[in-house]
Structures are given as structure tokens and as C-alpha cells.
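Below, each chain spelled out in residue letters.
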Amino acid sequence: MRKCGISIVARLDEAVQDAAVRVVASVRNRSTIALAGGGTPKRLYEALTAPSWRQRVDWRAVQWFWGDERAVPPDHADSNYRMARESLLDPLGVPAGQIHRMPADARDADAAAMAYEQAIRSVAAPGPDGRPALDLVLLGIGTDGHTASLFPGTAALDETERLVVANDVPQLNTRRMTMTFPLLLAARSIVVFVTGADKAEIVSRLLGPRRDTNLPAARLREAGHRVTWVLDAAAAARLETPPAVP
Ligand code: 6PG
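Okay, so let's go over this structure. Bear in mind that the values here come from a model prediction, so they are computed numbers and not experimental data.

**Description of the site of the ligand**
Lining the immediate surroundings of the ligand are 15 residues, of which Thr-40, Asp-68, His-146, Ala-148 and Lys-199 lie closest. The contact in question runs from an oxygen atom of the ligand to an N or O atom on the side chain of Arg-70, over 2.8 Å. Take Ala-148: an N or O atom from its main chain is 2.6 Å from an oxygen atom of the ligand. The fraction of the free accessible surface of the ligand (420 Å²) that becomes covered by protein chains is 84%. With respect to the detected pockets, the ligand is housed in the largest pocket. Residue classes in the shell around the ligand are distributed as two nonpolar, nine polar and four charged.

This is the structure we're talking about:
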């Protein structure tokens, strides 16, 4: 299996542009994209709305999903949906019918997860393994090695059939909704965007010479060359060959 790609750039603004290049390269008309949540991707989303990037793709022809969501309403400050709507989708003028909010706040979370999976199946063409192959999945990494809402020790890590599940996260005393590895690893392209000194330790445990294969995000390596990690120098500082920072 060909190895994943690792792109290390010195400064945060360069990492944002590097990630934007990879996002645009992965998108074609009628693409399906799963957006990352948390705080890191906001700069990337804002960059994609700048004239130099927004005119490169017919963003309005994309079907937009989320890799995971918190159990909060769509207007909540912690909502991944709200962050992406405000920083990316609304500025790009994406039609509401192509924006598929992950309903992690639904009363029946399991039924809502199954419905979300069906929505994905209805627009994403199957890949070689028969599972829907999203054109692009954007992901971040937590300092505990989680990605999406696949946290260490949680049930969703062991899911082999369902593509979207509700996932109890005891360490956060909350419930999330998340895409599972069977879906994430079927994507045609995965961009893992990680910046900042606070991620240097976990990045070294995931990509360094003494990898911790028990970390949830370590499984992204199963997607081989379809995964690209975009890191700034701060996040890559504990890797063997950090870039020469000017
Ligand atoms: C979420 C994200 C999660 C995120 C990491 C990193 O809902 O929180 O999907 O997987 O990518 O926790 O978050 P930061 O970018 O805020 O460090």
C-alpha cells in the first residue's frame, strides 16, 4: 500500500493555502464533501471564500456533509454546522438543498444517524468496496488522537457496518454523531488538517518513528495514498525532520 502523504509547511497561512490547494484538487462538479468541525478548519473555510479560490470550483454543485457533530441545535456556538455555514457555505451561496446538516441533537439519535447514512448513500457513488465513496473528507485531530468524533475507548471505533452512528463520549460527558471508519476510509481523498504547537505531541505519536497504533486517528493510514496530512511547522515540530522555519 502506498504511504499517506505528509505536507509540512512553515507558517499557518501557508498551511491554509496548501490545504486549499488540496481541497480544490479533490473537488469536481457534483462532488460530495464531508467537512471537519472544531476550530482549526475555520481559517481554511474562510480562505476558500476568497476570490482566488471561490472562482476555481462550482461550489454550488457540491453536496455538503459533516464528518461529525455535537448534540446541539444548529444555531449553537458549538455547532460544527453553524461554523461551516457562517465561514464557508453561506458566503459561497450554496443552495440549502445541498447542505446536509448532521442531526446529532435529534431525540432519536440512532434513527437520525441511519437517515443521515441513507442521505449519503443517495448522492455518493459506491467505491470499489461497494460503500459510498465521498469525494473528499476533511478531518482534524484532537490532542487525544481522536478524529471526527471517534474518541479513544468509544463504541463507534468498533463499528464495521454502519456508516454513521450516535456515539457516547464519556470523557466529554456527551453524545456525538459521527461518520465511522468504514465510511471515512472509503473516501476518494482525505485531507487531515492539523496546526498549532498543542498538536505537536499527538502528531508525533501518529506520524513519528514510534507510532501509537492504538490511537483512533492511526487508522487513517489504512486509506494509504488517499490520505494527505497538511501540517504547519508548529504541529510538526516533534517529527524527525521539521521544516527549516525561516
Ligand atoms: C469536533 C471535530 C473534531 C476536531 C478535533 C480538533 O467536532 O470537535 O470534528 O474531530 O477536528 O477535536 O479540534 P480543533 O480543530 O478545535 O483542535
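Text resumes after the structure shown.
**So, the side chain of Asn-80**
Counting through the fold element by element, Asn-80 comes out in helix α4 (residues 80–92). From its side chain, Asn-80 meets the backbone nitrogen of Gly-38 in a polar contact 3.1 Å long. Residue contacts for Asn-80: discarding those within four places in its chain leaves Gly-37, Gly-38, Trp-66, Asp-68, Glu-69 and Arg-70.

Rules used throughout
- Residue positions are given per chain, counting from 1 as you read along its sequence in written order.
- Where local features are concerned, this predicted model is filtered to residues with pLDDT of at least 70; where side-chain atom pairs are given and counted, the filter is 80 or more; whole-chain, interface and lining totals use all residues.
- Computation of side-chain values: all heavy atoms of the structure, hydrogens and water removed.
- In these notes, residues near a molecule or strand are those with any non-hydrogen atom within 4 Å of it.
- Throughout this description, a polar contact denotes any pair of N or O atoms lying within 3.5 Å of each other; where both atoms belong to protein, one of them has to be capable of donating a hydrogen while the other can accept it, and for residues adjacent in sequence the pair is counted only when both atoms sit in side chains.
- Using a 1.4 Å probe, the Shrake-Rupley method yields the accessible areas, and only the shown protein chains count as cover for residues.
- Each cavity reported here is a set of points on a 1 Å grid over the protein atoms alone in which a 1.4 Å probe fits but cannot get out, each pocket an open set with protein on both sides within 12 Å along at least five of seven lines, and each lining residue one with an atom within 4 Å of a point.
- Throughout, a molecule is located in a cavity or pocket provided that more than half of its atoms lie within 2 Å of its grid points.
- Side-chain classes follow a simple rule in which Ala, Val, Leu, Ile, Met, Phe, Trp, Tyr, Cys and Pro form the nonpolar group, Asp, Glu, Lys and Arg form the charged group, and the remainder, Gly included, forms the polar group.
- Going along the chain from the N terminus, every DSSP run of H or I of four or more residues is numbered as a helix, and every run of E of two or more is numbered as a strand.
- Contacts between residues were defined by any pair of non-hydrogen atoms, one from each residue, lying within 4.5 Å.

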